[in-house]
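Commentary on secondary and tertiary structure
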Amino acid sequence: MGTTATAQRVVLGEGRSSRRALSAGTHHPCLGSGRSLPYSVDRGKKSVSRQALDELKQQIPLLDYLQAHDWQPARQLSRGRLMGLCPLHSDHKPSFLVDPSKSLFYCYGCGRGGDLIRFAELYHQVKFPQALALLHQWRGLAPLLHEAAGFYRMQLPRHGEAVAYLHQRGVRSPELIEHMRIGYAPGGCLRGWLTRLGYPLQALRQAGLVTAVGYDAYTHRIVFPLEGNLYGRSISASAPAHRFLPGAKGGLYSWQQVRRYPEVILVEGLFDYAVLWQAGFYNVTCSMGNHLNAYQFRQLCDGTRTVYLTFDADTNGSGQQAAQGLAHRLREQGLNARRVSLPDGHDPNSFFVQEGDTRQFQSLLETARP
Ligand SMILES: [Zn+2]
């Protein structure tokens, strides 16, 4: 860590004076600094060809990848360059510079910069080969999931049963539906839509959108797009309630927008997230289940903050147990963790659906226990 930190400090110093270089040269001077052979996985033995890497980078513009991971520019600079909060460190004023035409980034805060692959390494905290694997997987899946999510969104207003279900779960505001990009999978029509657009059936099967026998995997489900996945909540009691497509559930929901808050509310369900956001708690995020994956845990610990753990008050105590364990682990990382006690048998969604309001929830936050 010592040598890396030193290298970063040096780069940071250079970065300030070489602001112009990002747009002038083909490569930012900081790109690959401290690594003379950025693309040699195994020095001297080329296992990945330069051409394949260039192709990958061409197919995934850095800006697309950033935006798909919730990054938003705060302002535009000259020559189309963008400045926003850095997704790689706890950033409070925009210091992350992106040049979309060259697909390069540089952060004036943490001094790190490079191309798409470097970004994936840093963002997912993985080594080069894993970053490549993640990007390949993302390249195959992203356009398809994007298309499917768009189709499901079109379907939502056309299906009264879906809108009625959302109402029943307290989801009413059009801004919220827009913000979460909520859609509906009626079943029996996605496959036809995507194949008409030219996606091969094999790709739909691989993504898990279509079953092995060729039916739409999601039927009568409210759909929420996630980072690299689609969560489907069944509106019928006869099917399993929660479904994800194969693959990781991804990071914390909407994390890039939430991480700037010094106090964060963590819930386990997307409908919990929805009612809190609708009630004006924009500092809410969701782990989709009360067990955080390693990536979500790292995200939560990427800065100093207070985390309000608002898991379900299930009758079997599993939510409280999970909250207790997580609070302990967060404190070990130097974070301030507080457990919010909902009335017995409630989750944040049912709390709001059954007449709970913003003021009442606020007082639950204020009385949260360590
Ligand atoms: Zn940074």
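Just so you know, these numbers come straight off a predicted model, no measurement behind them.

**Topic: the side chain of Asp347**
- Note that Asp347 resides in the loop between β13 (336–339) and α15 (348–353).
- As a buried residue without a salt bridge, Asp347 has its nearest oppositely charged side chain in Arg169, at a separation of 5.0 Å.
- A polar contact is formed between the side chain of Asp347 and the backbone nitrogen of Asn349, at a distance of 3.0 Å.

**Focus on the coordination of the zinc ion**
- Taken together, Cys86 (SG), His89 (ND1), Cys107 (SG) and Cys110 (SG) make up the full set of protein donors to the zinc ion, lying 2.0 to 2.3 Å away.
- Taken together, the four donor atoms surrounding the zinc ion define angles of 100 to 124° at the centre, an arrangement classified as tetrahedral.
- In the primary sequence, the donor residues of the zinc ion line up as C-x2-H-x17-C-x2-C.

**Thoughts on the pairing of strand β12 (residues 306–309)**
- Alternating positions in β12 separate into two faces, Thr306 and Tyr308 on one and Val307 and Leu309 on the other, with burial throughout.
- The sheet contact formed by strand β10 (residues 263–267) and β12 spans four bridges and is parallel. Note on β12: the bridge partner recorded for Ile265 is Tyr308.
- As for the winding sense of the linkage, the β-α-β connection from β12 through helix α14 (residues 318–332) to β13 is right-handed.

**Remarks on the layout of surface pockets**
- Taken as a whole, the largest pocket holds about 790 Å³ of empty space.
- Considering the residues around the largest pocket, the lining is formed by 33 residues, among which Gln67, Ala68, Asp70, Arg181 and Leu226 are closest to the centre.
- Breaking the lining of the largest pocket down by element, the ones donating at least two residues are α4 (62–68), α6 (128–155), β7 (221–226), β8 (229–234) and α11 (255–258).
- Here the lining of the largest pocket gets eight residues from one element, more than from any other, and that element is α6.
- Of the residues in the lining of the largest pocket, the class split is 16 nonpolar, 12 polar and five charged.
- By volume, the second largest pocket amounts to about 440 Å³.

**What to know about the sheet that holds β10**
- Ordered by their spatial adjacency, four strands build an open sheet running β11-β10-β12-β13, and the pairing between neighbours is parallel. With partners counted over all chains shown, the strands left at the sheet margins are β11 (284–286) and β13, one partner each. Sheet twist, expressed as the mean angle between neighbouring strand axes with direction ignored, is 25°.
- Of the strands in this sheet, β10 and β11 touch helix α12 (residues 270–278), which is tilted by about 170° from β11.

**Here we look at the environment of Gln278**
- Along the chain, the position of Gln278 falls in helix α12.
- Residue classification places Gln278 among the partly exposed positions, given a relative accessible area of 29%.
- In this structure, the C-alpha to C-alpha distance between Gln278 and Thr358, residues 80 residues apart in sequence, is 9.6 Å.
- Excluding its chain neighbours within four sequence positions, the residues that come into contact with Gln278 are Gly170, Val171, Arg172, Ser173 and Leu176.

**What to know about empty space enclosed by the protein**
- Within the structure shown, the criterion is met by one cavity of 30 Å³ or more.
- What the largest cavity holds in volume is close to 40 Å³.
- Taken together, Leu85, Ser90, Asp91, His92, Gln256, Arg259 and Arg260 form the lining of the largest cavity.
- Class assignment of the residues belonging to the lining of the largest cavity gives a composition of one nonpolar, three polar and three charged.

**Digging into the sheet that holds β8**
- The antiparallel open sheet is built from four strands, whose spatial order is β6-β7-β8-β9. Each end of this open sheet is capped by a strand with a single partner; those strands are β6 (183–185) and β9 (242–244). Direction aside, the axes of adjacent strands within the sheet are offset by 30° on average.
- Relative to β7, β6 runs antiparallel, the two being bridged by three bridges. Looking at the pairing, Gly183 lines up with Val223 of β7.
- Running at roughly 80° to β7, α12 makes contact with β7 and β8 of the sheet.

**Side note on the packing of aromatic side chains**
- Applying the stated criterion across every chain yields a total of 21 aromatic pairs.
- Plain terms: the ring middles of Tyr231 and Phe244 are 5.3 Å apart, the flat faces sit at 50° to each other, and that makes the pair tilted. In this pair, Tyr231 sits in strand β8 while Phe244 sits in strand β9, placing the two residues 13 residues apart along the sequence.
- Taking relative accessible area as the criterion, Phe244 reaches 30% and is therefore assigned partly exposed.
- Members of the aromatic cluster, each reached through a chain of ring pairs, are Tyr65, Trp71, Phe96, Phe105, Phe119, Tyr123, Trp138 and Tyr295.

**Some words on helix α5 (residues 116–124)**
- Counting buried residues along α5, eight of its nine residues qualify, which places the element largely inside the surrounding structure.
- The distance from a side-chain oxygen at the start of α5 to the backbone nitrogen of Ile117 is 3.3 Å, and the residue carrying that oxygen is Asp115.
- Of the residues one or two after α5, Gln125 is the one with positive phi, at around 50°.

Analysis parameters
Residues numbered from 1 in each chain as written. Predicted model: local features only at pLDDT ≥ 70, side-chain atom pairs only at ≥ 80, totals over all residues. Heavy atoms only, no water. Helix = DSSP H or I, 4+ residues; strand = E, 2+ residues; numbered from the N terminus. Buried < 20%, exposed > 50% of the residue type's maximum accessible area, 1.4 Å probe, protein only. Lys, Arg positive; Asp, Glu negative; His and termini not counted. Salt bridge = Lys/Arg side-chain N within 4 Å of Asp/Glu carboxyl O. Polar contact = N/O pair within 3.5 Å; in protein donor to acceptor, adjacent residues only side chain to side chain. Donors = N, O, S within 2.8 Å, 3.2 Å for Na, K, Ca; no water. Tetrahedral: all angles 85-135°; square planar, octahedral: opposite > 155°, others 65-115°. Pairing = 2+ DSSP bridges. Right-handed = clockwise from strand over helix to strand, strands pointing away. 1 Å grid on protein atoms, 1.4 Å probe; cavity = no way out; pocket = protein on both sides within 12 Å on 5 of 7 lines; lining within 4 Å. Points joined across faces, edges and corners; volume = space filled by probe spheres on them. Nonpolar A, V, L, I, M, F, W, Y, C, P; charged D, E, K, R; others polar. Axes fitted to C-alpha atoms, helices over the stretch in contact; angles between N-to-C directions. Contact = heavy atoms within 4.5 Å. Phe/Tyr/Trp six-rings, centres within 6.5 Å; stacked < 30°, edge-to-face > 60°.

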